[in-house]
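# What the coordinates show
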Amino acid sequence: MSRERLYLFDTTLRDGQQTSGIDFSVDEKIAIADLLERLGVDYVEGGYPGANPTDTAFFAEKRTKKAAFTAFGMTKRAGRSVSNDPGIQGLLEAEADAICFVAKSWDYHVRVALETTNEENLVSIRDSVIAAREAGREPLVDCEHFFDGYKANRDYALACAREAYEAGARWVVLCDTNGGTMPGEVRRIVEDVQSVVPGSYLGIHAHDDTGQAVANSLVAVEAGCRQIQGTLNGIGERCGNANLTSLIPTLMLKAPYSEMLEVGISEEGLRDISAISHAFDELINLSPDVHAPYVGANAFATKAGIHASALLKEPETYEHIPPETVGNRRRVLVSDQAGKSNLLNELTRIGIEVDRKDPRLDGLLTDIKEREAQGYSYEAADASFELLARRRLGEVPVYFDVKSFRVMVERRFNAIGELVTVSEAVVKVDIDGETRMSVAEGNGPVNALDIALRKDLGRYQTAIDGMELIDFKVRILNGGTDAVTRVLIESQDRATHKRWFTIGVSGNIVDASFQALVDSVTYALLKAGA
Ligand SMILES: CC(=O)SCCNC(=O)CCNC(=O)[C@H](O)C(C)(C)COP(=O)(O)OP(=O)(O)OC[C@H]1O[C@@H](n2cnc3c(N)ncnc32)[C@H](O)[C@@H]1OP(=O)(O)O
Ligand SMILES: CC(=O)C(=O)O
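Residues numbered from 1 in each chain as written. Chains lettered and ligands numbered in written order. Predicted model: local features only at pLDDT ≥ 70, side-chain atom pairs only at ≥ 80, totals over all residues.

### Observations concerning the confidence of the model for the protein chain
Averaged over all residues, the pLDDT of the protein chain is 94; the fraction at 70 or higher stands at 99%. The complex model carries a pTM of 0.80, and its ipTM stands at 0.95. (pLDDT = per-residue confidence, 0-100.)

Structure below.
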């Protein structure tokens, strides 16, 4: 059975730019457009040329090779011709394949926002579409507030959609601008709109204000729409737009969509989607959402021992799709909820082979559960977990033995009379029976301790020269005077960029940090084969 084509329109660079806290530069837009090309969407809406210098500069040249590069802007102003409307002229001058006009389709907005007549608004829609077509651009019309407009005045909303279609718009996009429409309403309205515009010309643009943008997009497709507008990771105005990172795997892997429709994304593109989602987060300086469907670090993570046991026999028991199809991976976590199956899986993953009947496994599981009860969390501290396991198996040499450490924080005037806060640390370690004492200053107590600890490790020094600390996170586990502090440290090898995470827990923040530092250095030595 041949499948109908469903088109994917990405508006990360336009509606995504309307997200609070997001402000792309031209270079960032170029990088994001490259990610979208890598993914394989059909349209990349680059922004609003003429609205601001960044978007105007972005449209000075065409930024995509495969996707239709699309400029966004308003329909012509009422009472002006297109040739006298600088906004429309800016759109026509932009280096774009397509122009997506935003048009009013709710009579209330025509009256209050545009302060014009319903008829004049229809003229604006028609003339704008014709101008784009005559300039050789593919015209699209985003019918703003379509669903609210339909509920207020069905005939007028349909008249706007019809006007766009009859003027030659390739796509008439039904927008749930305020994001309050329910899936059942979307289905009913999309079915009705097809009395004036065929489904193969209809698109859906859903906002996530009730957490249903993806669901609304899917019912619109079931009802006949053949274009979906959305964004990477669901960014967008207010609560965001339909999340293409969730929609694409659903459309490609789930019935009935995968059976009746075909999208322009290849299987390789689908396998790249987790990496693309994370690369996008890096670009906008956000931590990836670990709970994100399909692409989140937890999307295929299981913590419960009972689940892990079945999962390792047959992954389908607890997985709705194979994680590799979306470039993700199965994670069987080791925690206080774990059983031997979780543990064995994690040990195998890090290259430790132990027999299921080995009594040391029970000891290790008990260690983990006891330490998790004290506040440790090994899910995020892979290096500390490996050290704990290998110590139980007798595989970690005692490279150095910390005899003592001391750290002092002092606020004082420096030689030129400025008030400064300095930290100074002293660390004493025994190596091969010889005591070494190192002193260091740092911009904070942990920094000073880190420098002092790594200053002189004798014959091990060269093995740790390339390491550096890149992140430090502190969490207070319970409030009050007996609070416990958990410190997570991320370290990196400068040459290979390999990263590892270590953990420390104590009632004292400096002590917790020092434990994590010692684990980090020990792990680096272990990996260096010292
Ligand atoms: C639902 C959506 O997401 S639509 C996209 C919204 N995105 C943006 O607005 C981001 C970019 N916008 C901008 O930078 C500015 O609003 C500009 C440059 C486009 C316009 O700026 P200004 O000319 O100063 O107008 P301003 O923003 O104050 O008001 C919008 C004007 O457009 C008119 N307008 C709004 N929608 C439309 C439309 N679909 N067709 C024609 N005119 C429209 C309004 O009536 C208002 O006109 P007025 O100035 O005569 O009252
Ligand atoms: C066009 C658009 O972004 C909206 O109506 O939400």
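### Some details on the sheet that holds strand 14 (residues 419-431)
Taken in spatial order, the three strands make up an open sheet running 13-14-15, and their pairing is antiparallel. Either end of the sheet is taken by a strand with one partner, and the two such strands are strand 13 (401-413) and strand 15 (434-442). Direction aside, neighbouring strands of the sheet carry axes that sit 15 degrees apart on average. One ladder, built from 12 bridges, connects strand 13 with strand 14; its direction is antiparallel. Bridge assignment links Phe 413 to a residue of strand 14, and that residue is Leu 419. Across the sheet, helix 18 (residues 445-453) is in contact with strand 13, strand 14 and strand 15; its angle to strand 14 comes to roughly 35 degrees. (Pairing = 2+ DSSP bridges. Helix = DSSP H or I, 4+ residues; strand = E, 2+ residues; numbered from the N terminus. Axes fitted to C-alpha atoms, helices over the stretch in contact; angles between N-to-C directions. Contact = placed C-beta atoms within 7 Å.)

### Here we look at the sheet that holds strand 18 (residues 499-506)
The strand order 16-17-18 describes an open sheet built from three strands, whose pairing is antiparallel. Single-partner strands in this sheet number two, and they are strand 16 (467-476) and strand 18. Between one strand and the next, the sheet's axes are offset by a mean angle of 20 degrees, whatever the strand orientation. Relative to strand 18, strand 17 (residues 485-493) runs antiparallel, the two being bridged by eight bridges. Within the sheet, the bridge partner assigned to Gln 492 lies in strand 18 and is Arg 499.

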